Amino acid sequence: MLKKICAALAAAFALTACVTSPTGRSQLILLPDSQVDQMGLQAFETIKRDKPISNNARLNQVAQCIASNITQSTTGGRWEVVVFEDDSFNAFALPGNKIGVYTGLFNLVANQDQLAAVIGHEIGHVLAKHSAERASQELAVNSGMSMIQAMGNPQSPLGQAAFGMLGLGAEYGVLMPYGRTQESEADIIGVDLMAKAGFDPRQSINLWQRMSQATQGQQTAEFLSTHPSHATRIRDLEQHMPQAMGFYQQAQAMGRRPQCQ
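Residues numbered from 1 in each chain as written. Predicted model: local features only at pLDDT ≥ 70, side-chain atom pairs only at ≥ 80, totals over all residues. Heavy atoms only, no water.

Peer 1: Looking at this structure, I do not really get the sheet that holds strand S3 (residues 80–84). What am I missing?
Peer 2: Two pairing modes exist for strands in a sheet, parallel and antiparallel, and in both the strands are linked by backbone hydrogen bonds. Across the sheet, 3 strands lie side by side as S3-S5-S4; this open sheet has mixed pairing. Sheet topology places S3 and strand S4 (91–94) at the edges, where each strand pairs with a single neighbour. Looking at each pair of strands side by side, their axes are set apart by 15° on average, direction ignored. Where S3 lies against strand S5 (residues 98–102), 5 bridges are found, and the strand directions are parallel. Note on S5: the bridge partner recorded for valine 82 is glycine 100. Taken strand by strand, helix H2 (residues 33–50) contacts S3, S4 and S5, and its axis lies near 30° from that of S3. Strands S3 and S5 of the sheet are contacted by helix H3 (residues 57–75), whose axis makes an angle of about 145° with S3. (Pairing = 2+ DSSP bridges. Helix = DSSP H or I, 4+ residues; strand = E, 2+ residues; numbered from the N terminus. Axes fitted to C-alpha atoms, helices over the stretch in contact; angles between N-to-C directions. Contact = heavy atoms within 4.5 Å.)

Right, dumping it as structure tokens:
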């Protein structure tokens, strides 16, 4: 059905593109990468302006080391990594090669591999063009430039919508998380990314077990939430683990053994 929709829209919109995600899922992308990247760059600058940046040398070194190992061995290009002072168990990645990690996440994870699972997951959203996919669903192409400008005023309705489409809505008071399909896809992409970089993918399961314990009683039932339940994420990762372990073993054989502790 999506392919039929794409074919119909392609005749009407010159910028319409039907693409395939890294997991093989069909996507409708209306916005060019350059425009979505600009949205990510503007959003990142706004967050750096609004949120305190951590000066903790150790935390910054660990975050930089993990992100560098994942991106250099799998995605290419240079990524900017910033650690923010925030107690939330959270991180994010944005189009334009930007990564943010919250200090609270370091209090949750037990080792470098668990943090790599989070960072890999967030990078997975970017590689799968989830921001562009959602922006294409929510906006007409000709409103794109105003969305970029709105990044400088995240409290405005248009600014909230723009941040929401990048997966950052909770930062500025609007609930617009990634959908369940996109979250599950980022889980699979992320665990493969970390494994290819030499991080132990089995720790992704331990991460979500810890997250489940830390957020006990705070997660909405799955059918009321756009996020998969922790149990669903763990089950899906367990099913995918043989493939991820294959990537991990290949990385180990190639000498990829990150030391980011």
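Peer 1: Help me understand the pattern of salt bridges, please; the structure alone is not making it clear to me.
Peer 2: Opposite charge on two side chains permits pairing when their charged atoms draw close. Across all of its chains, the model carries 12 salt bridges by this definition. Put simply, aspartate 33 and lysine 129 hold a salt bridge, and the shortest N to O gap is 2.9 Å. Note that aspartate 33 is positioned in helix H2 and lysine 129 in the loop between helix H5 (112–127) and helix H6 (130–138), a separation of 96 residues in sequence. Linking aspartate 86 and lysine 51 is a salt bridge whose minimum nitrogen-to-oxygen distance equals 2.8 Å. In this pair, aspartate 86 sits in the loop between S3 and S4 while lysine 51 sits in the loop between H2 and H3, placing the two residues 35 residues apart along the sequence. A relative accessible area of 14% means that lysine 51 is categorised as buried. (Salt bridge = Lys/Arg side-chain N within 4 Å of Asp/Glu carboxyl O. Buried < 20%, exposed > 50% of the residue type's maximum accessible area, 1.4 Å probe, protein only.)

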